[in-house]
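The chain contents come next:
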Amino acid sequence: MKTPDYKQFPEISFAEFQAIPYLDERIEIAKRNKILRTDAYNRTMDYIKWDRWNWNEVFYLSLRKSPNSKFNVIYGIRNIVDEVLRTPVSQSEIDFAKDFYEYQASKWWNGKFNPERWQKVVDEHNWMLPIKVSWVADWTILKPWEPALRVEWEAEIAAIFEPIFMRLFYQSVVATNARIIEEIISEWRIVEFGYRSAINDDMHIKAMEALVVWWGISRTSSDVTAATLDIYADWTTAHRFFTAYPTEDEAMQEAVEKNDKIALLVDSVEAYAWIDKIIALKKKYPGKIIAPRLDSWDLANQAVYALQKMKENSMLNPMTNKIVVADISTIEDIVEVELAVTEAWFNPKDYIVYGLWGLLIAREKTRDIVSAWYKLSATENWWTMKFSNDKWKQSIPGKPNVEIRNWKRYIVQEDEEQIWVRLLTPMYDMWQFFYDKPKVTDMYEARETMRDSRKWADYESKISEETKRLIDEIKEKVGIDV
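Residues numbered from 1 in each chain as written. Predicted model: local features only at pLDDT ≥ 70, side-chain atom pairs only at ≥ 80, totals over all residues. Heavy atoms only, no water.

Q: Explain the sheet that holds strand β18 (residues 432–433) to me, please; I cannot follow it from the model alone.
A: Sheet strands line up and pair through hydrogen bonds in the backbone, either parallel or antiparallel. Spatial strand order, β13-β1-β5-β3-β17-β18: 6 strands in an open sheet with antiparallel pairing. The outermost strands of the open sheet, each flanked by one partner alone, are β13 (372–378) and β18. Summarising the sheet, strand β1 (residues 56–63) and strand β5 (residues 147–154) pair through 7 bridges and their orientation is antiparallel. Paired with Glu-57 across the strands is Trp-153, a residue of β5. (Pairing = 2+ DSSP bridges. Helix = DSSP H or I, 4+ residues; strand = E, 2+ residues; numbered from the N terminus.)

This is the structure in structure tokens:
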């Protein structure tokens, strides 16, 4: 069955658009116009440089920092690039944009625009963007500063979608945090409760997609996400459920009677007393799976207390006796729980499941956490780079790639002789796609190949002799001591 192309810009003029009074409709229409999917910063430079329109330029995207100062899990490149490459540019988009920028100029706002740029795409390039894109696949682990994406072609057309490309940071930070936590707890023990922490449905779905790939997470609180990604919609009880009954005991009793499997919150009144009540319910209903959900206060001590009570009552079958530890704010909190349970002579892998929300979806999920940037590295006639007193703010010149060779990681130049494995490979070149349109099954296939990338993550990261030569050459040109 052919699905409709929801990314296609509708046949609508700017005047017709202006007549629409409803904000939600205006948002949906405007964001489908690829020509508008940039910012005034990039558009102004395109206008100024138009006389050099046919100069080739090279840009690359990298994450200069990482949440653990060691590596980043790169995820989401296909989703982001596909958003602007897969759907052809239409004449309606160009006409709409031209009228919009003329409207901006009429108000003395920023109306700088090159309709010729986009008309060339339609007239000479079969409606498709004439650029070349190389990428690291969506299961790749990179060190900070290493390039994840490289874009080449005519001046500024390779730069115009910088704001969209930069959004790679979000899914990558989610995936990186998941990988860091996985290396602490060693295996999947997570239920995702983050729907309420997400800014919107799109954010939640993108976060969960990254978590499915990098962690095999298969349980979520969001029905929309569960339907989209074809995963398990898990359930629990919340505070309002218990306060809706004459007594909390009645609420607990009814929840257990109507569910064969249920997690019961323990902190509506007093956590330790309610753990005792849940143990009593587990004894009364031995055929049901009933888990205490620890939701606030001293989570590590509560986990140990619950396990000791379960041991006293011969409830240590790992298949049917779990403890859900929620309200985890930091990775350090997870370490504390794991350590406390281990020191009490229980194996956390057998009994502890984490119910996470903000930590996975929202907390510290900004561009600044990984310092994402998109930099010009070469023009038609010379290599270029950004210099700074802070070495991590210095960019890479040329056409950078990452090569695994001699048990090290090298930032190399594309035209260097390849010795071992190159991480950036062709993705798109002048209308030709070297990847398939993202599918649901890709998440699980990517998960299978993730470990190949992880085994190289601890290798030392260096720059090749050729890259160093380019840097020294540029330093000499601009008058910086080599």
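Let us keep going from here.
Q: Just to check I follow, could you spell out the environment of Asn-114 for this structure?
A: Assignment of secondary structure puts Asn-114 in the loop between α5 (91–106) and α6 (115–124). Asn-114 gets classed as buried once you look at its relative accessible area, which sits at 5%. Taking C-alpha positions, Asn-114 is 9.7 Å from Tyr-101, a pair spaced 13 residues apart along the chain. If near-sequence neighbours (up to four positions away) are discounted, Asn-114 is found in contact with Asp-46, Tyr-47 and Trp-50. A distance of 3.0 Å separates a polar atom in the side chain of Asn-114 from the backbone oxygen of Asp-46. (Buried < 20%, exposed > 50% of the residue type's maximum accessible area, 1.4 Å probe, protein only. Contact = heavy atoms within 4.5 Å. Polar contact = N/O pair within 3.5 Å; in protein donor to acceptor, adjacent residues only side chain to side chain.)

Q: How do you make sense of the packing of aromatic side chains when you look at a structure like this?
A: The description of an aromatic ring pair rests on the distance of the ring centres and on the angle between the ring planes. Applying the stated criterion across every chain, the model contains 24 aromatic pairs. Centre to centre, the rings of Phe-9 and Phe-96 are 5.2 Å apart; their planes meet at 75°, and the pair counts as edge-to-face. Within this pair, whereas Phe-9 is found in the segment before α1 (14–18), its partner Phe-96 is found in helix α5, the two being separated by 87 residues in sequence. No difference in accessibility class separates Phe-9 from Phe-96, as the two residues are buried. Centroid distance Phe-17 to Phe-96: 5.2 Å. Interplanar angle 75°. Geometry classified as edge-to-face. On the criterion of sequence distance, the pair formed by Phe-17 in helix α1 and Phe-96 in helix α5 is long-range, its members being 79 residues apart. Given the relative accessible area of 2%, Phe-96 is considered buried. Chaining the aromatic ring pairs together yields one cluster made of Phe-9, Phe-14, Phe-17, Phe-96, Phe-100, Tyr-101, Tyr-103, Trp-109 and Phe-113. A cation over an aromatic ring shows up here: Arg-86 above the ring of Tyr-435, its NZ or CZ 5.1 Å from the ring centre. (Phe/Tyr/Trp six-rings, centres within 6.5 Å; stacked < 30°, edge-to-face > 60°. Lys NZ or Arg CZ within 6 Å of the ring centre and 35° of its normal.)

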